[in-house]
Amino acid sequence: MFHCVYFWLKKDLSAADRQLFQDELALVTQLPYLGLAVMGPACHEAPARPVTDRSWDWSLILKFNSMADHDFYQGPCLDHQRFVNTCKSLWDKVVIYDTAA
């Protein structure tokens, strides 16, 4: 399954807060049980189209090899808990799309 997360960061964050978010997000991508992990800022260089949502700031796309791995990540995973606890004050909104693939 793919776990696609979109973050809308607070607009008044300092450069240090933005770097903290990026560094913590990068740590999530290094979890050893992930099949794939990609993170990055919204691409504002791509042409604007009516169907493209460019309002978010950062995305995280994780591929879990099993539902058990996903459930571990969402539950007892200390790395995920650290990320949320460290960074939740930095965003205004988070939207998640899970895809069965």
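Residues numbered from 1 in each chain as written. Predicted model: local features only at pLDDT ≥ 70, side-chain atom pairs only at ≥ 80, totals over all residues. Heavy atoms only, no water.

To continue, consider the sheet that holds strand 3 (residues 58-64). The strand order 2-3-1-4 describes an open sheet built from 4 strands, whose pairing is antiparallel. Looking along the sheet, the strands with just one partner apiece sit at the ends: strand 2 (34-41) and strand 4 (91-99). On average, each strand axis in the sheet is tilted by 10 degrees relative to the strand beside it, whichever way the strands run. When strand 2 meets strand 3, the two strands line up antiparallel, connected through 7 bridges. In the sheet register, Leu 36 faces strand 3, and the bridge partner there is Lys 63. Contacting strand 1 (2-9), strand 2, strand 3 and strand 4, helix 1 (residues 15-28) runs over the sheet at an angle of about 10 degrees to strand 3. (Pairing = 2+ DSSP bridges. Helix = DSSP H or I, 4+ residues; strand = E, 2+ residues; numbered from the N terminus. Axes fitted to C-alpha atoms, helices over the stretch in contact; angles between N-to-C directions. Contact = heavy atoms within 4.5 Å.)

Remark: helix 1 packs on helix 3 (residues 78-87), axes separated minimally by 9 Å, with the N-to-C direction vectors making an angle of 170 degrees. Judged on the interaxial angle alone, helix 3 and helix 1 are roughly antiparallel. On helix 3, the residues that touch Leu 20, Phe 21, Glu 24, Leu 25, Leu 27 and Val 28 of helix 1 are Arg 82, Phe 83, Thr 86 and Cys 87. For the contact of helix 1 with helix 3, the class distribution of residues is 7 nonpolar, 1 polar and 2 charged. (Parallel < 35°, antiparallel > 145°, perpendicular 65-115°, else oblique. Nonpolar A, V, L, I, M, F, W, Y, C, P; charged D, E, K, R; others polar.)

The next point concerns the packing of aromatic side chains. In total, this model carries 11 aromatic pairs according to the counting rule given. On the basis of an interplanar angle of 75 degrees and a centroid distance of 5.1 Å, the ring pair of Phe 7 and Phe 21 is categorised as edge-to-face. In this pair, Phe 7 is assigned in strand 1 and Phe 21 in helix 1, connecting sequence segments 14 residues apart. The burial state of Phe 7 is the same as that of Phe 21; both residues are buried. Ring centres of Tyr 33 and Phe 72 lie 5.6 Å apart, and the angle between their planes is 80 degrees; on these two criteria the pair is classed as edge-to-face. (Phe/Tyr/Trp six-rings, centres within 6.5 Å; stacked < 30°, edge-to-face > 60°. Buried < 20%, exposed > 50% of the residue type's maximum accessible area, 1.4 Å probe, protein only.)

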